[in-house]
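As a plain string of letters, each chain reads:
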Amino acid sequence: MTTTNEVDQEPERTGLAALVYDSKARSLFFQGVLAIIILAMIYLAVQNAAQNLADQGKEFGFDFFDRPSDVQILTTFGTWLIGYVPGESTIFDVLKLSVANTLILAVVGIFFATILGFLMGIMRLSNNFVIKGFATIYIEVMRNIPLLLQIFFWNAALRLIAPGPRDSGTFVPGLLQYNTKGIYGPFPITHDGFYLTVIAVIIAIGATIAYGKYAKKLQESTGKQSPVFLVSIGILVGLPAVVFLITGRPLTIEWPNFVSEGPMLRRGFERGIGSYIAPEFMALFLALTTYTAAFIGEIVRAGIQAVPRGQSEASEALGLPGGLTMRKVILPQAFRVIIPPLTSQYLNLTKNSSLAAAIGYPELVAVFAGTILNQVGRAIEIVAVVIIVYLTISLLTSMFMNWFNNRVKLVER
Amino acid sequence: MKSTLLTIAAAATLTAGAAAASTLDDVKAAGKLKCGVSQGLPGFSNPDDSGKWTGLDVDMCRAVAAAVLGDAEAVEYVSLSAKDRFTALSSGEIDILSRNTTWTITRDTDLGISFAGVNYYDGQGMMVPANLGVSSATELDGATICTNTGTTTELNITDYFKQHGMTFELVALENSNEVVAAYGAGRCDVFTTDRSGLAAERLKLADPDAHVVLPETISKEPLGPSTRAGDEQWNKIVRWTLNALIEAEEYGITAANADEMMGSDNPSVKRILGAGDNDYGAALGLDKDWAAKAIKAVGNYGESYERNVGVNTPLKLDRGVNSLWNQGGFLYAAPIR
Ligand SMILES: N[C@@H](CCC(=O)N[C@@H](CS)C(=O)NCC(=O)O)C(=O)O
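Rules used throughout
Residues numbered from 1 in each chain as written. Chains lettered and ligands numbered in written order. Predicted model: local features only at pLDDT ≥ 70, side-chain atom pairs only at ≥ 80, totals over all residues. Heavy atoms only, no water. Helix = DSSP H or I, 4+ residues; strand = E, 2+ residues; numbered from the N terminus. Rg over C-alpha atoms; globule rule 2.2 N^0.38 Å. Buried < 20%, exposed > 50% of the residue type's maximum accessible area, 1.4 Å probe, protein only. Areas by Shrake-Rupley, 256 points an atom, 1.4 Å probe, with all protein chains shown as cover. Near = heavy atom within 4 Å. Polar contact = N/O pair within 3.5 Å; in protein donor to acceptor, adjacent residues only side chain to side chain. Nonpolar A, V, L, I, M, F, W, Y, C, P; charged D, E, K, R; others polar. Domains from an automatic or database assignment. Patch = residues over 30% accessible without salt bridge, like charges linked within 9 Å, V, L, I, M, F, W, Y side chains within 5 Å. Salt bridge = Lys/Arg side-chain N within 4 Å of Asp/Glu carboxyl O. Contact = heavy atoms within 4.5 Å. Buried area = accessible area lost by both parts, 1.4 Å probe. Pairing = 2+ DSSP bridges. Axes fitted to C-alpha atoms, helices over the stretch in contact; angles between N-to-C directions.

Q: Help me get a handle on the overall build of chain B, residues and values and all.
A: Counting secondary structure elements, chain B contains 13 helices and 14 strands. A compact globule built from 337 residues should have a C-alpha radius of gyration of about 20 Å, and chain B, at 20 Å, falls within 12% of that. Dimensions of chain B, computed from the C-alpha atoms along their principal axes, are close to 65 × 50 × 40 Å. Across the 337 residues that make up chain B, the buried fraction comes to 60%. Summing over all exposed atoms, chain B offers an accessible surface of approximately 12200 Å²; the carbon and sulfur share of this is 51%.

Here you go:
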């Protein structure tokens, strides 16, 4: 092998030598070795776990799932969804309840963090000094204070501004009232026949989508613009409203009941009447949303700045107004850059929701990996379940975002 | 967050690390005892202004350290929430858990730990702001209640309300200071925990006198130290150290007079102190004067009680049922003989 072209004429090798020099066989060999090492490590870990469990007289298994759960849990979305009753519900119900509480926090948090984040990102690029300054300060402050501290801050702040447990204040005029024990609002109670209104809503949504597609086609072929927005609103509101009225308004609204007389303990909002949001949920929602929005803001700014200037100049030259330029020209291109890091912010928010344990919001880590673990003592099983749940949520989020990414991806014509 | 890490660490230690050797050997080799205590409960386990841990539960650790290592200061304190304490012990992060912990069958059999005795007989109580005008727990229907998560407390209160056909809302928090803050801010109408805990935690409230403890005691809470399951020798060391402190009170042995009592002609005293030919330490893997060292370090049970939680401390807890058996209490230590 003195010259390079000799490589082409490698001498024929046979037997073992041939295998050693075959790059495919070589890589297979090393992958095999690695696999064996990993398997051996897993085997050792399992072996050790079994030994340690045996030493402590513990067994591995998930039979504890059917045991009744004897502990009261703070009333939240999950309680309502699962219908949790201490002593009757099982530990598996607690798992479902706590996952529901994690999910609702994540979903609501992601929704509002996205809106606020986009707003901040766009504001930060504004030419207006005040708007830009505000967004910059917001992002820098929020990003640089540890989240746990912010959670404690909101929890304490809500308690400070809220009226005492036997008073009531207005949170959203005409809709929500609040005090240190929580936020109270109306609760819809449905009656027979309400499902027809629900069906009407679904049909209306279908009709709106169909109309939107038709309008788009019309515009593409004839250039004629249709009043899509107005018509959509008309269908969405009109159809369900008509059905609702025809079926005899099968819905009543239950308003919270404020008691101001009688024994002290009974005063305040009556429990179980109207809808209720725990202050712990509110504190977490505010903390997770405002914190994550700062990161999303930066991602959006970077995404927008990644779109070449020429694009907005061209759009301007075509006479498109600023808002339309942002919506139709800049953002669709920026999305390509924004979505991957945005996905990881969504995953962060979901995982950060586990800090809820600090202020007593009953999510997965607080209740299942906390209270329940303490009662059944199955650390390995419970941690495994918690990991699987978070992994599943993360993978589903990623899958959804990938799907979304593919949809909004620039389709080059 | 810390607790999540701890839980994962616990699961990891359960999966990794070969089965531990004897705790006694480990403690001797390390030259210090790792003692799990609370996050700060005055009178039981609480760091003072200089960061030095004191309290009835802390004395338990100091006594064991003195008996095993001959040095009551050779203790490393690990502050644990109620929620984290059992995983910390079963995973080997600590050698002994001495943190106002109730002895129950589930904990003794399911959590990988073994109890070594009772150093404070307690029961669960409830505290309410005086201005609520509530005088009995049976009037608490509809109340919002704050307590620590990972405790017997949250289970007992659920039972109690169920049994009395009452409903309630439970705010369960990991850190006691958060519980006190939530209660103080009016998030809850009631603060429930062990009666001793109420006496200690109320000191943290803005105006301790504006709150009353209701008359009902809704549970039995025998509080005591525990060790990792599967190490009988170590469990016995802790158990007999506690017994020795209680017996010392019974026979009038104090930190001050222990040396002098070596010369006593009461055979029980001589056995406890390991005077003469008496050697009950060897079978435990300790020196013959193991109990004498423990008593000299923290005093007998009564001394430790009065110093930490007794009527002359801010907690003002009467000896009550925690008196010796021959003085109308429950303290009845198995004899050293
Ligand atoms: N004895 C009960 C309750 C123990 C408990 O956690 N009590 C609280 C309130 S007294 C506490 O220790 N707080 C101090 C801390 O947070 O570390 C049990 O073992 O479950």
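Q: Account for the site of the ligand, with residues named and values stated.
A: All names here are of chain B. In the neighbourhood of the ligand, 22 residues make up the surrounding shell, with Gln39, Asn100, Thr102, Ser176 and Asp194 lying closest. Asn100 places a polar side-chain atom, nitrogen or oxygen, 2.8 Å from an oxygen atom of the ligand. Ser176 is positioned with one of its side-chain polar atoms (N or O) 2.5 Å from a nitrogen atom of the ligand. Listing elements by their share of the shell around the ligand, those giving two or more residues are helix 6 (152-163), strand 11 (190-194), helix 8 (195-201) and strand 13 (221-223). Within the shell around the ligand, the residues separate by chemical class into four nonpolar, 12 polar and six charged. Both of domain 1 (2-121 + 223-327) and domain 2 (124-219) provide at least three residues apiece to the shell around the ligand.

Q: Which residues make up a nonpolar patch on the surface, and what values do they have?
A: Residues and elements named next belong to chain A. A cluster of nonpolar residues, Val201, Ile205, Ile209, Phe229, Leu230, Ile233, Leu236 and Val237, forms a patch on the protein surface that exposes about 760 Å² of accessible area. Among the secondary structure elements, those contributing two or more residues to the nonpolar patch are helix 7 (194-222) and helix 8 (228-246). Among the elements that take part in the nonpolar patch, helix 8 stands out by supplying five residues, more than any other. Mapped onto the secondary structure, Ile233 falls in helix 8. The partly exposed category is assigned to Ile233, whose relative accessible area is 42%.

Q: Go over the interface of chain B and chain A, please, and point to the residues and values.
A: Contact with chain B, which involves 53 residues of that partner, is made by 50 residues of chain A. Together chain B and chain A conceal approximately 4200 Å² of surface at their shared face, both sides included; 53% is due to carbon and sulfur atoms. Among the salt bridges present, the one from B:Asp110 reaches A:Arg67, with a minimum N-O distance of 3.7 Å. The interface formed by chain B and chain A includes 15 residue pairs in polar contact (both at pLDDT 80 or more). Put simply, the parts of the chain that give the side of chain B that touches chain A at least two residues each are helix 1 (2-15), helix 4 (85-90), helix 5 (105-110), strand 9 (143-148), helix 6, strand 10 (168-173) and helix 7 (176-184) of chain B. Broken down by element, the side of chain B that touches chain A gets its largest block of residues, seven residues, from helix 1 of chain B. Of the residues in the side of chain B that touches chain A, the class split is 23 nonpolar, 18 polar and 12 charged.

Q: Describe in detail the sheet that holds strand 1 (residues 169-172) of chain A, supporting the description with residues and values.
A: Residue and element names in this part refer to chain A. One open sheet holds the four strands; their spatial order is 1-2-3-8, and the pairing between them is antiparallel. Of all the strands in the sheet, just strand 1 and strand 8 (275-277) have a single pairing partner and so form its edges. The sheet shows a mean angle of 35° between the axes of neighbouring strands, direction not considered. With three bridges connecting them, strand 1 and strand 2 (residues 176-179) associate as antiparallel partners. Bridged to Thr170 within strand 2 is Gln177.

Q: Account for the domain arrangement of chain B, naming residues and giving values.
A: Residue and element names in this part refer to chain B. Domain assignment breaks chain B into domain 1 (2-121 + 223-327) and domain 2 (124-219). Measuring from the centre of the C-alpha atoms in domain 1 to the corresponding centre in domain 2 gives 29 Å. Taken together, the contact pairs 20 residues of domain 1 with 15 residues of domain 2. Buried surface at the junction of domain 1 and domain 2, summed over both partners, amounts to about 1300 Å²; 56% is from carbon and sulfur atoms. Among the residues of domain 1 in contact with domain 2, Gln39, Leu41 and Lys83 are the three that bury the most area, contributing 30% of the side total. One can count one salt bridge joining domain 1 with domain 2. In this structure, Glu174 and Lys83 form a salt bridge, with 3.4 Å as the shortest nitrogen-oxygen distance. For the pair domain 1 and domain 2, the interface holds four residue pairs in polar contact (both at pLDDT 80 or more). Residue classes in the side of domain 1 that touches domain 2 are distributed as nine nonpolar, seven polar and four charged.

Q: Give me the lowdown on the domain arrangement of chain A, citing residues and values where you can.
A: On domain assignment, one finds that chain A holds domain 1 (77-184 + 275-408) and domain 2 (187-254). Centre-to-centre, using C-alpha coordinates, domain 1 of chain A lies 29 Å away from domain 2 of chain A.

Q: Now, about the sheet that holds strand 9 of chain B: what can you tell me, with residues and values included?
A: The strands that make up a sheet are held in pairs by hydrogen bonds between backbone atoms, and each pair lies either parallel or antiparallel. Residue and element names in this part refer to chain B. Read across the sheet, five strands follow the order 10-9-11-8-12 without closing on themselves; strand pairing throughout is mixed. One side of each edge strand has no neighbouring strand; the edge strands of this open sheet are strand 10 and strand 12 (211-213). Each neighbouring strand pair of the sheet contributes to a mean axis angle of 25°, computed without reference to strand direction. Bridging between strand 8 (residues 124-129) and strand 12 involves three bridges; their strand directions are antiparallel. Bridging across to strand 12, Met127 finds its partner in Val213.

Q: Give a description of the pattern of salt bridges that names residues and reports values.
A: All names here are of chain A. With the rule as written, the count across this model stands at 24 salt bridges over all chains. A salt bridge links Arg143 to Glu140, with the nearest nitrogen and oxygen atoms 3.3 Å apart. Residue Arg143 and its partner Glu140 are both found in helix 5 (residues 129-144); the two are separated by three residues, about one turn of the helix. A relative accessible area of 30% means that Arg143 is categorised as partly exposed. One salt bridge in this structure joins Glu313 and Arg309, with 3.5 Å as the shortest N-O distance. Placement of both Glu313 and Arg309 in helix 10 (residues 309-317) is noted, with a separation of four residues, approximately one turn of the helix. With relative accessibility at 64%, the residue Arg309 sits in the exposed group. Where salt bridges share partners, they join Arg124, Glu140, Arg143, Glu298 and Arg301 into one cluster.

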